[in-house]
Amino acid sequence: MIINLISDTVTKPTPEMLEVMMSAKVGDDVFNADPTVNELQEKVAKMFNKEAALFFPSGTMANQAAIKLHTQPGDRMFCDKWAHVYNYEGGGAAFNSGVTSHLIDGDRGMFTANQLKEAVSGRADIHVPFNRLVCIENTTNKGGGACWNFEELKKIQEVTQHNNLAYHLDGARLFNALVAKQETTQQYGDLFDTISICLSKGLGAPVGSVLVGSKQDMNKALRVRKLFGGGMRQAGYLAAAGMYALENQVNRLEEDHKKAKEIGEVLASCSYVKKVEPIETNIVIFYVDDSIDPMEFIKKMEEKDILLISMGQGKIRIVTHLDYTQPMHEKLLEELRSFL
Ligand SMILES: *Cc1c(COP(=O)(O)O)cnc(C)c1O
């Protein structure tokens, strides 16, 4: 039994999901002729109270398309220093859009409206890039699955409106936040210009992300997706999996959160653990004592068929998910308790 806690992307479709995929009605989506892709897009647009949505092969491409459609080369975007759009998308904001990134020094991947206000203020003359876009990430990945305070997001929206900035949400794990904080997709749709969501993380689909926004923005995104090489043909098989995930695998995220909290409690009681970051959703980040090399710890766990990942700066990450079963959970807790 291999216990893979590297990411919530390691899940495989359930038999029920495979069944709906196999029986999906498909067509050529580049000609807008795949009924299942269209159904998924309409469903997601409606969920977020937005005019339109667009299916993407990855979250990275959905975010990068959003950055592209909101900016011109030389413009500046604002995000947290830990943001996925800056750290883990291959430098795409610079490569694809020629955009300068202003990094805000937030807490666990989250900054405040005041910090943004300060970042956007200052001279606006020929020396300075045009301020164009703010990117938020909820939940925060490198921040250990932390959830933003919705009131702060509203205050940030006021700053974006006052300064004429677009407002994008990298919602790869937004559903984890919604379940944890009992918030709604509509609330988020009303706040942001564009939102990307991942169907292939905690929701358990094999492939796919969706970008939502206005009709005008999604028309631009359609063109950008084509030029990024993301136009897919009979993608309805994948969209069917996404639809199944949205209908059946959202509420169960609570179980992942519960298991993550239990792992955190055990870790906190282990003498070799220096610190456990607060656990709000399905990500656990912890640090082992200085006497233990984190990479060595990860290797020793691997020898016990338990796969974890390093996030740099001594951070070790555990992510719970759909394929992490109760027997695996019990074995992991046992191994953590008896390590050393
Ligand atoms: C996983 C992730 C993405 C997108 O990743 P893909 O692997 O390209 O689907 C974007 N943002 C965050 C915060 C993520 O965790």
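What counts, and at which threshold
- Counting restarts for each chain, with residues numbered from 1 along the sequence as it is written.
- pLDDT decides what is reported in this predicted model: residues at 70 or higher carry local features, side-chain atom pairs at 80 or more are listed and counted, and totals for whole chains, interfaces and linings draw on all residues regardless.
- Water and hydrogen atoms play no part in the side-chain values, which are based on all heavy atoms of the structure.
- UniProt positions are given in the numbering used here, feature names are shortened, and annotations may be inferred rather than shown by experiment.
- The domain limits used here are those given by an automatic or database domain assignment.
- Buried area counts how much accessible surface, traced with a 1.4 Å probe, disappears from two parts once they are put together, with both parts' losses summed.
- By definition here, a salt bridge exists when the distance from a side-chain nitrogen of Lys or Arg to a carboxyl oxygen of Asp or Glu is within 4 Å.
- Think of a polar contact as two N or O atoms within 3.5 Å of one another; within protein, one of them needs to be a possible hydrogen donor and the other a possible acceptor, and neighboring residues in sequence only count if both atoms come from side chains.
- For helices the rule is a DSSP run of H or I covering at least 4 residues; for strands it is a run of E covering at least 2, with both sets numbered from the N terminus onward.
- Polar here means any residue outside two lists: the nonpolar Ala, Val, Leu, Ile, Met, Phe, Trp, Tyr, Cys and Pro, and the charged Asp, Glu, Lys and Arg; Gly therefore counts as polar.

The protein chain carries the name Threonine aldolase in an unreviewed UniProt entry, which gives Tenacibaculum holothuriorum as its organism. Under Sequence similarities (unreviewed entry), UniProt gives the following word-for-word description of the protein chain: "Belongs to the threonine aldolase family." Per UniProt, the comment on the protein chain under Cofactor (unreviewed entry) is "pyridoxal 5'-phosphate".

A. Layout of the domain arrangement of the protein chain. Per the domain assignment, the segments making up the protein chain are domain 1 (3–8 + 252–337) and domain 2 (15–248). Summarising the inter-unit geometry, the C-alpha centres of domain 1 and domain 2 are found 28 Å apart. Across the interface of domain 1 and domain 2, roughly 1,600 Å² is buried in total on both sides, 51% from carbon and sulfur atoms. When residues of domain 1 are sorted by the area they lose upon contact with domain 2, Asp-8, Leu-253 and Glu-280 head the list and together hold 35% of the total. The tally of links between domain 1 and domain 2 comes to two salt bridges. As a salt-bridge pair, Glu-280 and Arg-108 come within 3.0 Å of each other at their nearest N and O atoms. On inspection of domain 1 and its partner domain 2, the count reaches six residue pairs in polar contact (both at pLDDT 80 or more). Of all elements in the fold, only α12 (253–268), β10 (283–288) and β13 (315–319) reach the threshold of two or more residues within the side of domain 1 that touches domain 2. Of the residues forming the side of domain 1 that touches domain 2, the biggest block, three residues, is contributed by α12. Class assignment for the residues of the side of domain 1 that touches domain 2 results in six nonpolar, five polar and seven charged.

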